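A structural walkthrough
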Amino acid sequence: MSTQGKTYQFKLVLLGESAVGKSSLVTRFVKDHFDEYRESTIGAAFLAQTISLDDNTTVKFEIWDTAGQERYKSLAPMYYRGANCAVVVYDITQTSSLDKAKSWVDELQRQADPDIVIALAGNKTDLEARRAIETKTAQEYADEAGLLFFETSAKTAHNVTELFTAIAKRMPLEQLANNPRGRRGLNARDQVDLDRANGTSDGCAC
Ligand code: GTP
Ligand code: MG
């Protein structure tokens, strides 16, 4: 069975220090819009966006944009539990934000789904003059930790679609199509073959 013409739905969580640009990245991805002055997120926000891949496969992301302020930290497991993918964001102008990102990656690798796809995003590349974290430093860390890695700018839209598309392509769609019950650690409740849900596809129900 091929993945062509199918729609897959995944839960994606954004994590990272406050003010690194998590909400701005999601707003750019979902609404193609950027706010120069954005309120800090309270609790978490939910948005959804769909991507069409070259082979006529559609991936729908259900996105939980978490609040980075320390006082909300204890809520995070509620959002990354059962997540199929995560974007951990840092700000290329703030050294501390990469340390925080690394601690989120550690926590995800210890506590989230063992097959979660994690991407590291170094945001605010439009502020090149204030760069504090070299691309090479973050790339080496991402390679060691087995993460996708992109430098992005929610402001200019640099690499934002590319980031989410790379995640969609990294999801094991082929495997899901061939063996819906045997997918690599994806949670049946969090991954839905919508064609099947609509009664237009064969195979077993999830
Ligand atoms: P919390 O909700 O507190 O966790 O913060 P957040 O990570 O969601 O950050 P948010 O998206 O609210 O952005 C914080 C500030 O950074 C806002 O003033 C944004 O306008 C700004 N910002 C976000 N992304 C970029 C970017 O790519 N470039 C520049 N120059 N500013 C950005
Ligand atoms: Mg936010």
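Residues numbered from 1 in each chain as written. Chains lettered and ligands numbered in written order. Predicted model: local features only at pLDDT ≥ 70, side-chain atom pairs only at ≥ 80, totals over all residues. Heavy atoms only, no water.

1. Some words on the coordination of the magnesium ion (ligand 2)
Ideal values for angles at a metal depend on the geometry: 109.5 degrees with four tetrahedral donors, 90 or 180 degrees with six octahedral donors. We count it as follows: In this listing, donors mean N, O and S atoms no farther than 2.8 Å from the metal, or 3.2 Å for Na, K and Ca; water is missing from the atoms, so a site can look incomplete. The secondary structure listing takes helices from DSSP runs of H or I that are at least 4 residues long and strands from runs of E that are at least 2 residues long, numbered from the N terminus. The cut-offs for exposure are 20% and 50% of the maximum accessible area for each residue type, with area from a 1.4 Å probe on protein chains only; residues under the lower value are buried, those over the upper are exposed, and the others partly exposed.
Protein-derived ligands of the magnesium ion (ligand 2) are Ser 23 (OG) and Thr 41 (OG1), with the metal-ligand distances lying across 2.1 Å. Taken together, the positions of Ser 23 in helix α1 (residues 22–31) and Thr 41 in the loop between α1 and β2 (44–52) put the pair 18 residues apart, joining distant regions of the chain. Taken individually, Ser 23 and Thr 41 each receive the classification buried, so the pair is uniform in this respect.

2. Focus on α1
Residues three or four positions apart in an α-helix share a direction because the helix packs 3.6 residues into each turn. Worth spelling out the cut-off: Should any heavy atoms of two residues lie within 4.5 Å, those residues are considered in contact.
For α1, the tally of buried residues reaches 8 of 10 residues, placing the bulk of the element in the interior. Of the residues making up α1, those classed as buried are Lys 22, Ser 23, Ser 24, Leu 25, Val 26, Thr 27, Arg 28 and Phe 29. Contacts made by the buried residues of α1 are with β1 (7–16), β2, β3 (58–66), β4 (85–91), β5 (117–123) and α5 (160–170). Directly beyond the C-terminal end of α1, a positive phi value near 50° is found at Asp 32.

3. Overview of the site of ligand 1
The test is simple: Consider each residue's heavy atoms; a residue with any of them within 4 Å of a molecule or strand counts as near. A 3.5 Å cut-off defines polar contacts: any pair of N or O atoms within that distance qualifies, except that in protein one atom must be a possible hydrogen donor and the other a possible acceptor, and neighbouring residues in sequence count only when both atoms are side-chain atoms. Here the accessible surface of atoms and residues is derived via Shrake-Rupley with a 1.4 Å probe, and residues count as covered only by protein chains that are part of the display. Here the term charged refers only to Asp, Glu, Lys and Arg, the term nonpolar to Ala, Val, Leu, Ile, Met, Phe, Trp, Tyr, Cys and Pro, and the term polar to all other amino acids, Gly among them.
Around ligand 1, 23 residues are found, and the nearest of them are Ser 18, Lys 22, Ser 24, Ser 40 and Gly 68. One nitrogen or oxygen atom from the main chain of Gly 21 is found 3.0 Å from an oxygen atom belonging to ligand 1. Look at ligand 1: alone it shows 660 Å² of surface, and the protein chains cover 91% of it. The class makeup of the residues in the shell around ligand 1 is 6 nonpolar, 9 polar and 8 charged.

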